[in-house]
Amino acid sequence: MFGIVGIPVTELAIAAQASGIKFIGMRNEQAASYAASAVGYLTGRYVECCPAPPISMAEEMAVSQAVSFIVHSRKPLLIIGKGAAYSRAENSIRKLVDQCGLPFLPTPMGKGVVSDSHPCCVAAARSRALQYADVIVLLGARLNWILHFGLPLRFQPDVKIIQVDICAEELGNNVRPVAALLGDIKAVTEQLLGQLNKKLWKYPSNTDWWKELRAKVKSNEETSKALSLQKGLPMNYYTVFHHVRELLPKDCILISEGANTMDIGRTMLPNYEPRHRLDAGTFGTMGVGLGFAIAAAMVAKDQDPKQRVVCIEGDSAFGFSGMEVETMCRYSLPIIIIIVNNNGIYSGLDADTWKEILKLGEPSACVPPVSLLPNAHYEQIMSAFGGKGYFVQTPEELQAALKASLAEKHVPSLINIMIDPQSDRKKQVSVPSFSLLP
Ligand SMILES: Cc1ncc(C[n+]2csc(CCOP(=O)(O)OP(=O)(O)O)c2C)c(N)n1
Ligand SMILES: [Mg+2]
């Protein structure tokens, strides 16, 4: 149970503890509710008083229609969403990918349902896969802004969408599907598999589509690798994530929020297991990270005390719920917070430029709205409460700090990594923009 006491909640919290329910006192209700939602997601536990909901299956007719579109597709793509992780559909979806040889793309929290290291994963060619697929199967993924609403120019205008979702209101949102499969993702995937198996259908691995996707995966991975191996200081995002990836245990729970920090981290930090990534998700809401991390650490303590929880935050994102570091220290949760600090929201200013800007006059009139204070020592917030804080400027310091944090079993750590405030993500695939001119 997560909450904050006050009259009359204090009695409730005490009563909960007396009846054997753990109570985690948070610093803000919003973080408490994020934490509670994350426990549900990670454990799949239903409220004790409610029976588990019935498992619904799609109409056989809709399944047959979907299968017909899949087997006639030239450029198929599976998109695996958070719904697939929620419904614990990983075994069925892995079977679908393995048996049919279909390229797949996970959404941010769909990562790990099928491992990012699977040869059919085309996450590194995301834009290309979305832009040219002719048939897309959405498995618990929704055509919201994370997927560019399913609309051109990010998608083909005549792309055929097969939508699998538990929620009837979601069917047909933004794009009208050619087949709408209403039901539990796991059950419906089994239905699809049943029919595809009868046809002994497999998407060939030597099609032009596969060749195009593989070439794009390779070239994008090479670009990221070149950026991650740059030796200059301050570091860029890619160098930071490269070193973090080298040291993180494969089974850790990764939590992330921020803009560039979250987006680049998604591509640079692989997930191997389902429900091992929590991030700002559908609405990109900043402030979720520390509550999620506390929830994940409580679940880990219960189920697998050796499992590590790593929370990767932009410096702005961290500020939203930063006081929850006290909660982490109070309950001795060995969470590792990594702040990728670029002195701002999307980008910031270096200390010298900052000083020059202040000379221009009243700060509220001339400080760029995206800027935060340069070189803020966020790690001191952690040490103020007895946790471990590290201020890091080089790859060597980063490695040392992360190794020390991973060795720490009872106390949280915060690694504040200064990066180039102008560091950016690599160029996106350019999509021609609409012109307002005739
Ligand atoms: C609740 C909320 N308020 C504001 C925003 C707008 N917003 C989007 S990303 C972001 C922070 C990005 O900065 P940072 O976390 O430092 O990541 P960076 O891009 O610098 O790596 C903000 C404030 C939001 N998404 N959610
Ligand atoms: Mg930032």
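Calculation rules
- Residues numbered from 1 in each chain as written.
- Chains lettered and ligands numbered in written order.
- Predicted model: local features only at pLDDT ≥ 70, side-chain atom pairs only at ≥ 80, totals over all residues.
- Heavy atoms only, no water.
- Helix = DSSP H or I, 4+ residues; strand = E, 2+ residues; numbered from the N terminus.
- Rg over C-alpha atoms; globule rule 2.2 N^0.38 Å.
- Buried < 20%, exposed > 50% of the residue type's maximum accessible area, 1.4 Å probe, protein only.
- Core = buried A, V, L, I, M, F, W, Y, C linked by side-chain atoms within 4.5 Å.
- Contact = heavy atoms within 4.5 Å.
- Near = heavy atom within 4 Å.
- Polar contact = N/O pair within 3.5 Å; in protein donor to acceptor, adjacent residues only side chain to side chain.
- Areas by Shrake-Rupley, 256 points an atom, 1.4 Å probe, with all protein chains shown as cover.
- UniProt positions renumbered as here; feature names shortened; annotations may be inferred.
- Donors = N, O, S within 2.8 Å, 3.2 Å for Na, K, Ca; no water.
- Phe/Tyr/Trp six-rings, centres within 6.5 Å; stacked < 30°, edge-to-face > 60°.
- Lys NZ or Arg CZ within 6 Å of the ring centre and 35° of its normal.
- Axes fitted to C-alpha atoms, helices over the stretch in contact; angles between N-to-C directions.
- Parallel < 35°, antiparallel > 145°, perpendicular 65-115°, else oblique.
- Left-handed = near helix turned anticlockwise from the far one by under 90°.
- Nonpolar A, V, L, I, M, F, W, Y, C, P; charged D, E, K, R; others polar.

### What to know about the overall build of the protein chain
For the protein chain, the count of helices and strands is 17 helices and 13 strands. Computed over C-alpha atoms, the radius of gyration of the protein chain comes to 23 Å, within 12% of the 22 Å expected from 2.2 N^0.38 for 438 residues, which places it in the range of a compact globule. C-alpha extents for the protein chain along the principal axes are approximately 65 × 60 × 45 Å. Buried positions account for 51% of the 438 residues belonging to the protein chain.

### Concerning the nonpolar core
Counting 97 residues, the largest nonpolar core has Ile93, Leu181, Ile335 and Ile337 as its most contacted members. The leading source of residues in this core is helix H11 (residues 289–303), at nine residues. With near-sequence residues (within four places) excluded, Ile337 lies in contact with Leu290, Cys311, Glu313, Phe318, Val325, Met328, Met382, Ser413, Leu414 and Ile415. Core analysis: the second largest hydrophobic core is formed by 25 residues, Leu254, Met268, Ala401 and Ile415 among them.

### Let's talk about the site of ligand 1
Taken together, 17 residues surround ligand 1, and among them Tyr237, Asn260, Thr261, Gly284 and Asp315 come closest. In this structure, Met286 approaches ligand 1 through a main-chain N or O atom, which is 3.2 Å from a nitrogen atom. One nitrogen or oxygen atom from the side chain of Asn342 is found 3.0 Å from an oxygen atom belonging to ligand 1. Burial of ligand 1 by the surrounding chains reaches 76%, relative to a free accessible area of 590 Å². Elements that contribute at least two residues to the shell around ligand 1 include exactly helix H10 (260–268) and helix H12 (315–320). By residue number, the principal contributor to the shell around ligand 1 is H12, which donates four residues.

### Some points on the UniProt feature "domain: Thiamine pyrophosphate enzyme TPP-binding" (unreviewed entry) in the protein chain
According to UniProt, the "domain: Thiamine pyrophosphate enzyme TPP-binding" (unreviewed entry) feature falls on residues 260–417. The span residues 260–417 shows a helical share of 43% and a strand share of 16%, and its end C-alpha atoms are spaced 14 Å apart.

### Side note on the coordination of the magnesium ion (ligand 2)
Asp315 (OD), Asn342 (OD1) and Gly344 (O) make up the full set of protein donors to the magnesium ion (ligand 2), lying at 2.0 to 2.1 Å. Mapping the donors of the magnesium ion (ligand 2) onto the primary sequence gives the spacing D-x26-N-x1-G. In this pair, Asp315 sits in helix H12 while Gly344 sits in the loop between strand E11 (336–341) and helix H14 (351–358), placing the two residues 29 residues apart along the sequence. Taken as a pair, Asp315 and Gly344 share a single burial class, namely buried.

### Describing the environment of Arg176
Positionally, Arg176 belongs in the loop between strand E6 (160–165) and strand E7 (179–182). On the basis of relative accessibility, which here comes to 76%, the residue Arg176 falls in the exposed class. The spatial distance from the C-alpha of Arg176 to the C-alpha of Gly150 is 9.9 Å, given a sequence separation of 26 residues.

### Section: the packing of aromatic side chains
Taken as a whole, this structure holds four aromatic pairs when the rule is applied. Pairing Tyr41 with Tyr86 gives two aromatic rings, centres 4.9 Å apart and planes at 75°, and the pair type is edge-to-face. Here Tyr41 is found in helix H2 (residues 29–43), whereas its partner Tyr86 is found in helix H4 (residues 82–86), with 45 residues between them in sequence. On the basis of relative accessible area, Tyr41 is assigned to the buried category, the value being 3%. Taking 5.7 Å as the distance between ring centres and 75° as the angle between the ring planes, the aromatic pair formed by Phe318 and Tyr378 counts as edge-to-face. On the criterion of sequence distance, the pair formed by Phe318 in helix H12 and Tyr378 in the loop between helix H15 (363–366) and helix H16 (379–384) is long-range, its members being 60 residues apart. Among the residues examined, Phe318 registers a relative accessible area of 1% and is labelled buried. Just above the ring of Tyr272 sits the side chain of Lys250; from NZ or CZ to the centre is 4.5 Å.

### A short note on unusual backbone geometry
Of note, the bond from Pro152 into Leu153 is cis; its omega dihedral lies within 30 degrees of zero at 10°. The linkage connecting Leu233 with the following residue, Pro234, adopts the cis geometry, with an omega of -5°. Relative to the elements of secondary structure, Pro234 occurs in the loop between helix H8 (208–228) and helix H9 (237–247). For Arg88, which is not glycine, the phi dihedral falls at a positive 55°. For Arg88, the location among the structural elements is in the loop between H4 and helix H5 (90–100). Residue class for Arg88 comes out partly exposed when judged on its relative accessible area of 30%. Its identity is not glycine, yet Phe149 carries a phi of approximately 60°, on the positive side. Along the chain, the position of Phe149 falls in the loop between strand E5 (135–139) and E6.

### Structural notes on the packing of helix H3 (residues 60–71) against helix H7 (residues 185–198)
Relative orientation of the contacting elements H3 and H7 amounts to 60°, with a least axis distance of 10 Å. When the interaxial angle is binned, H3 and H7 end up oblique. You can see that H3 and H7 cross each other, and the crossing is right-handed. Residues Glu60, Val63, Ser64, Ala66, Val67, Ile70 and Val71 of H3 pack against Gln191, Leu192, Gln195 and Leu196 of H7. Tallied by class, the residues present in the contact of H3 with H7 amount to seven nonpolar, three polar and one charged.

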